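# Remarks on the overall topology
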Amino acid sequence: MSGARLIVERPGLFDTVQDRGRIGFQELGMPTAGAMDRIALALANALAGNAPDANAAALEMSVLGPTLLVEADSVRIGLVGPVEASLIASEGATPKPLLADRSHTLSRGQRLKLGSIVGVTTAYLAVEGGIAVPPFMGSRSTYTRAALGGVEGRKLKQGDALPLARDSASPRAELALAAPFDYGHGPLRVVPGPQADHFTASGHATFTGSEYVVSKEADRMGIRFEGAKIEHSALGPDIVSDGIAPGAIQVPAAGLPIALLADRQTAGGYSKIATIASADLPRTCRLLPGMRVRFQTITVAEAESLRRDQERRLAAAIAALKPARPEGGIDLRALYEENLIDGVVV
Amino acid sequence: MSTRFLDCGDTAFSVEFGSTIAPEINSRVMALHGAIASERAAGRLEGLVETVPSMRALLVHYDPLTTTRAALQPAIETLLAGERAAEARSRRLTLPCCYDEPEFALDLADVAQRTGVSEEEVIQLHLASEFHVYMVGFMPGLPYLVGLAKPLHLPRRASPRVRVPARSVAIATEMSVVYPFESPGGWHLLGRTPVSMFDTRRGAEASTLAPGDTVRFRRISRAEYDALEAEAERAPFDIARFVEARP
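Conventions used here
- Residues numbered from 1 in each chain as written.
- Chains lettered and ligands numbered in written order.
- Predicted model: local features only at pLDDT ≥ 70, side-chain atom pairs only at ≥ 80, totals over all residues.
- Heavy atoms only, no water.
- Pairing = 2+ DSSP bridges.
- Helix = DSSP H or I, 4+ residues; strand = E, 2+ residues; numbered from the N terminus.
- Axes fitted to C-alpha atoms, helices over the stretch in contact; angles between N-to-C directions.
- Contact = heavy atoms within 4.5 Å.
- Domains from an automatic or database assignment.
- Buried area = accessible area lost by both parts, 1.4 Å probe.
- Salt bridge = Lys/Arg side-chain N within 4 Å of Asp/Glu carboxyl O.
- Polar contact = N/O pair within 3.5 Å; in protein donor to acceptor, adjacent residues only side chain to side chain.
- Nonpolar A, V, L, I, M, F, W, Y, C, P; charged D, E, K, R; others polar.
- Phe/Tyr/Trp six-rings, centres within 6.5 Å; stacked < 30°, edge-to-face > 60°.
- Buried < 20%, exposed > 50% of the residue type's maximum accessible area, 1.4 Å probe, protein only.
- Parallel < 35°, antiparallel > 145°, perpendicular 65-115°, else oblique.

### Here we look at the sheet that holds strand E3 (residues 48-53) of chain B
Residue and element names in this part refer to chain B. Across the sheet, four strands lie side by side as E1-E2-E4-E3; this open sheet has antiparallel pairing. Each end of this open sheet is capped by a strand with a single partner; those strands are strand E1 (4-7) and E3. Adjacent strand axes in the sheet meet at a mean angle of 25°, parallel and antiparallel pairs treated alike. As paired strands, E3 and strand E4 (residues 57-62) are joined by five bridges and run antiparallel to one another. In the sheet register, glutamate 50 faces E4, and the bridge partner there is histidine 61. Against the sheet, helix H1 (residues 23-41) makes contact with strand E2 (12-16), E3 and E4, and its axis sits at roughly 160° relative to E3, the strand it touches most. Where helix H2 (residues 69-81) meets the sheet, it contacts E1, E2, E3 and E4, and its direction lies at approximately 155° from that of E1.

Structure representation (structure tokens):
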């Protein structure tokens, strides 16, 4: 450990350290946790210079980000998501806006002020080398309900220190996303099951034929939807508990669907009508209360194929990271190149 | 009921052996869980991420970037065809439990009254029960212990408690549980164990029990309870001390 760290001067609304999740301990009732939006996590890590298989831990921020003071010679960050960000060069200095979806290098004594996250739930701040909190069961992901992982198993609070694996940024140009990642649009694709037989034909028709609204009860564990009630068959809403896959949609007796996300329990006793395709899970995790969705059924093979396509596009987006424009001025060369590529004349 | 493969999206599927809580069903879950672990230890079943046993089904998590459902299911079916009794690799544990009223055994009098046996008989029946861990879930380390003596079978409490202390030992239906953390709960509280069900100080060995384990309870006095609790505060228990040595 380098002794380098980021100090939380002001916490955001719900900042937690997350990596790709705690894999291999679900048989002991240990939820995986992990980043809600694995695509944004991967892009943030790539921008910061972390290899995909390093599974570096980053900061997941919800609704409002924190203000962080740099206590390291320098640190390279990868910031991904629609988050307001500014750099305060020294105490009392005027904040200078920073662009998201690119990397930046900050130096000792500078403050990174992160503000509102607009239009989606989460944004991600990766650091070169990763956030070096101690791993638990092979992962640094915070699971707040059992108070483990991350920083003392909880969301960040004022005065916390995020340990950094490196004390300085490696010398290289800053990188930016060539284009925002396309998360897809239209209905959320779902695979019926595992308890499809616990619902009537009419119940299934309601599920795929109606619009559902994300309620205020939406967090890392899951999203409760509001809308038309789904009818159970004679088998009823309850089952003898079985395992829960990521994106499972359970329907308790009240008839309203609940999508189970990163902090979902490993097993549960409500019937599950369908499971969200893994390619549409990041998009689901970005939903805000009040947003409307529809569900469309596909097969397992179609869902696997969607996921492989998405992973190819993610790899292509990472391969296409381009040098970022220097801050505080127009880089004519970059602008020129961009115009040639885009065919856009300003 | 025949074995069913149920769709759980493109990263998991469920192998369901039945719809009830029964030893012949759970033993098949555990047998497949064990068989898959052996295959993976031998470097086979690439792309299979982990398996999660529950009362009556095994959830198979897989990575759709490495394998497919179409490739994995036949491999699992082959394992089912060669099914044999679960290897006796599970452990037998004896956990200390203090049944003192009123602090720990909050529902002892109530359970005695509802079941029509004396409070001492309730304790003796719980001590006489041999439990099998059918699954660990709901919370990290929470064991579902099946095998409660029949006279003690009761539905859950009509109104759940908002706060059940950590390490409470409780019963409902044909099961006993031990709460790993303070949490809400609707089971009848009979006692408390000084042994944490999930001690993060042990790292990857945090969970005291695993699916397939056999568990009995041993009655301890309040003085022994206090001594063990104080010991656990200083350092986590080595679970081996509660495991019966194999002959």
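### A few points about the environment of glycine 130 of chain A
Residue and element names in this part refer to chain A. Residue position: glycine 130 is located in the loop between strand E10 (122-127) and strand E11 (161-163). Separated by 157 residues in sequence, glycine 130 and leucine 287 have C-alpha atoms that sit 27 Å apart. The residues contacting glycine 130, other than those within four sequence positions of it, are Asn50, Ala56, Ala57, Pro163, Leu164 and Ala165.

### Comments concerning the domain arrangement of chain A
All names here are of chain A. Domain annotation for chain A reports domain 1 (5-175) and domain 2 (188-307). The C-alpha centroid of domain 2 is placed 30 Å from the C-alpha centroid of domain 1. The interface is formed by 22 residues belonging to domain 1 together with 19 residues belonging to domain 2. Overall, the association of domain 1 and domain 2 removes approximately 1700 Å² of surface from exposure, summing both partners, and the carbon and sulfur fraction of that is 50%. Its largest share of buried area at the contact with domain 2, domain 1 owes to Met36, Arg38 and Arg145, together 37% of the area lost on that side. Between domain 1 and domain 2 we count four salt bridges in total. The interface formed by domain 1 and domain 2 holds ten residue pairs in polar contact (both at pLDDT 80 or more) in total. Those elements that place two or more of their residues in the side of domain 1 that touches domain 2 are strand E2 (16-18) and helix H1 (38-48). Split into classes, the residues belonging to the side of domain 1 that touches domain 2 amount to nine nonpolar, nine polar and four charged.

### Details of the sheet that holds strand E21 (residues 292-293) of chain A
All names here are of chain A. The strand order across the open sheet formed by eight strands is E21-E14-E15-E18-E17-E20-E13-E22, and the pairing between neighbours is mixed. Each of the sheet's edge strands pairs with one partner strand only, and the pair in question is E21 and strand E22 (295-297). Contacts from helix H2 (residues 201-209) reach strand E13 (188-192), strand E14 (212-218), strand E17 (248-250), strand E20 (272-276) and E22 within the one sheet, and its direction differs from that of E20 by about 30°.

### Examining the interface of chain B and chain A
A common way to report how large an interface is uses the accessible area buried once the components associate. The interface is formed by 46 residues belonging to chain B together with 41 residues belonging to chain A. Here chain B and chain A share an interface that buries about 3200 Å² over both sides, 62% of which is from carbon and sulfur atoms. Run the count over chain B and chain A and you get two salt bridges. One salt bridge in this structure joins arginine 4 of chain B and aspartate 197 of chain A, with 3.4 Å as the shortest N-O distance. Counting the contacts that link chain B with chain A gives 14 residue pairs in polar contact (both at pLDDT 80 or more). Of all the secondary structure elements, the ones that give two or more residues to the side of chain B that touches chain A are E1, E3, E4 and strand E6 (131-136) of chain B. Per element, the largest residue contribution to the side of chain B that touches chain A is five residues, and it comes from E3 of chain B. Class assignment of the residues belonging to the side of chain B that touches chain A gives a composition of 25 nonpolar, 15 polar and six charged.

### Here's the deal with the packing of aromatic side chains
Taken as a whole, this structure holds twelve aromatic pairs over all chains when the rule is applied. Each ring, one from phenylalanine 5 of chain B and one from phenylalanine 13 of chain B, has its centre 5.9 Å from the other, and the planes form 35°; the classification is tilted. Exposure remark for phenylalanine 13 of chain B: the relative accessible area of 0% places this residue in the buried category. When the centroid spacing of 5.8 Å and the interplanar angle of 75° are considered together, the rings of phenylalanine 131 of chain B and phenylalanine 217 of chain B count as edge-to-face. Separated by 86 residues along the polypeptide, phenylalanine 131 of chain B in strand E6 and phenylalanine 217 of chain B in strand E13 (residues 214-219) bring together distant segments of the chain. With relative accessibility at 0%, the residue phenylalanine 131 of chain B sits in the buried group. Taking relative accessible area as the criterion, phenylalanine 217 of chain B reaches 4% and is therefore assigned buried. A network of ring pairs unites the aromatic residues Phe207, Tyr212, Phe225 and Phe295 of chain A as a single cluster.

### Considerations on the packing of helix H3 (residues 108-115) of chain B against helix H4 (residues 119-128) of chain B
Residue and element names in this part refer to chain B. Remark: H3 packs on H4, axes separated minimally by 8 Å, with the N-to-C direction vectors making an angle of 95°. It follows that H3 is roughly perpendicular to H4 by the angle criterion. Taken together, the residues of H4 that come into contact with H3 (itself represented by Leu108, Ala109, Val111, Ala112 and Thr115) are Glu119, Val122 and Ile123. Residue classes in the contact of H3 with H4 are distributed as six nonpolar, one polar and one charged.

### Focus: the pattern of salt bridges
Applying the stated criterion across every chain, the model contains 42 salt bridges over all chains. Residue arginine 189 of chain A pairs with aspartate 280 of chain A through a salt bridge whose shortest N-O separation is 2.6 Å. On the criterion of sequence distance, the pair formed by arginine 189 of chain A in strand E13 and aspartate 280 of chain A in the loop between E20 and helix H3 (281-285) is long-range, its members being 91 residues apart. Taken individually, arginine 189 of chain A and aspartate 280 of chain A each receive the classification buried, so the pair is uniform in this respect. Each of Asp197, Asp242 and Lys272 of chain A together with Arg4, Glu16 and Arg56 of chain B takes part in salt bridges that share partners, so that together they form one network.

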